[in-house]
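# Fold and geometry: a report
The residues making up each chain are set out below.
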Amino acid sequence: MKTVAIIDYGMGNLHSARKAVEHVAPDVRVLVTDNAEQIREADHVILPGVGAIRDCMHEIRRLGVDTLVREVSRDRPFLGICVGMQALMSRSEENGGVDCINLFPSQVRFFGDNLVEKGERLKVPHMGWNEVYQTVDHPMWHNIPDGDRFYFVHSYYAEAEGNTEIAGRSHYGVDLAAAVARDNIFAVQFHPEKSARAGLQLLKNFVDWSGK
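Residues numbered from 1 in each chain as written. Predicted model: local features only at pLDDT ≥ 70, side-chain atom pairs only at ≥ 80, totals over all residues. Heavy atoms only, no water.

### What to know about the overall build of the chain
Under the convention used in this document: A run of H or I in DSSP becomes a helix once it reaches four residues, and a run of E becomes a strand once it reaches two; helices and strands are each numbered from the N terminus. Atoms counted for the radius of gyration: C-alpha only. Globule rule: 2.2 Å times residue count to the power 0.38. Any residue under 20% of the maximum accessible area for its type is buried, any over 50% is exposed, and the rest in between are partly exposed; the area is computed with a 1.4 Å probe on protein chains only. Only the protein chains shown count as cover for residues, with accessible areas throughout obtained via the Shrake-Rupley method and a probe of 1.4 Å. For the charge count, each Lys or Arg is scored as positive and each Asp or Glu as negative, with His and the chain ends excluded. Charged side chains are reduced to one point each, which is NZ for Lys, CZ for Arg, CG for Asp and CD for Glu.
When helices and strands are tallied, the chain shows six helices and 16 strands. Against the 2.2 N^0.38 benchmark of 17 Å for 212 residues, the chain shows a C-alpha radius of gyration of 16 Å, consistent with a compact globule. Dimensions along the principal axes, computed over C-alpha positions, put the chain at roughly 55 × 40 × 30 Å. Within the chain, the proportion of its 212 residues that are buried is 55%. With the model as given, the accessible surface of the chain reaches about 9,500 Å², and the carbon-plus-sulfur share is 46%. Of the side chains in the chain, 23 bear a positive and 29 a negative charge, and the two mean positions are spaced by 2 Å.

Right under this line is the structure:
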């Protein structure tokens, strides 16, 4: 039986992510675990995340999850979600600057206190549904129309400009990387577990994905 491990480091929508994966893949074993051996033995691995990146990275480093992520992301399908995506970047400017796991070279930026679009001030955090435009043909986009809407909740974003590993783009005052991809790694800023049909399809695609 295929196993999907959702890494539990105390920061993430663990219950809702597990329920969503179980819903789309009832024949798959889904583990929410902090056990390194269980994570190493899993066929697919998910790194979730919510809250402040400083707190997330503190727990990730304290528990050795950064080293584990570098290891298991080499050879199997790996999915980062929300702050779990930001944690894969090189650095976030949140809290004056936080070094991240550095699997992707991108910087994570603050939307700003005066984010304006067409003369209208936008609320931060970016919270709600927004279109995601696919920038690469990828198995994770299977059966998801280009421009489909996903649910976002974030005040910081990975840069889209000059990002050679961007897989999906969205816009909220600025262009942002809604998804990044390289080899067997895919990561999304939005919450697929909260994104209705499109989000469930993306999670199904992840479970079905071979990583190639």
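That covers the picture; the talk isn't over yet.
### Brief notes about the packing of aromatic side chains
Each aromatic ring pair is described using two quantities: the centre-to-centre distance and the angle formed by the ring planes. To be explicit about the condition: Within 6.5 Å between ring centres, the rings of Phe, Tyr and Trp (the latter by its six-membered ring) count as paired, and their orientation is classed by plane angle as stacked under 30 degrees, edge-to-face over 60, tilted in between.
Taken as a whole, this structure holds eight aromatic pairs when the rule is applied. Here the aromatic rings of Phe 110 and Tyr 156 are separated by 5.1 Å at their centres, their planes lie at 35 degrees, and the arrangement is tilted. Residue Phe 110 is found in strand β7 (residues 107-110), and its partner Tyr 156 is found in strand β13 (residues 156-158); the two are separated by 46 residues along the sequence. Given a relative accessible area of 28%, Phe 110 falls into the partly exposed group. Tyr 156 gets classed as buried once you look at its relative accessible area, which sits at 16%. Taken together, a centroid distance of 5.7 Å and an interplanar angle of 70 degrees make the contact between Trp 129 and Tyr 151 edge-to-face.

### Re the sheet that holds β13
How we decide: Whether two strands pair comes down to DSSP finding at least two bridges between them.
Across the sheet, which stays open at both edges, the four strands sit in the order β6-β5-β7-β13 with mixed pairing between neighbours. The sheet is open, and its two borders are formed by β6 (98-99) and β13, each paired with just one other strand. Pairing of strand β5 (residues 91-92) with β7 involves two bridges; the strand directions are parallel. By the bridge assignment for β7, Arg 91 is matched with Gln 107.

### Some details on the UniProt feature "domain: Glutamine amidotransferase" (unreviewed entry) in the chain
Applied cut-off: UniProt positions are given in the numbering used here, feature names are shortened, and annotations may be inferred rather than shown by experiment.
Taken from the UniProt record, the annotation "domain: Glutamine amidotransferase" (unreviewed entry) applies to residues 6-207. With 25% helix and 32% strand, residues 6-207 has its two end C-alpha atoms placed 12 Å apart.

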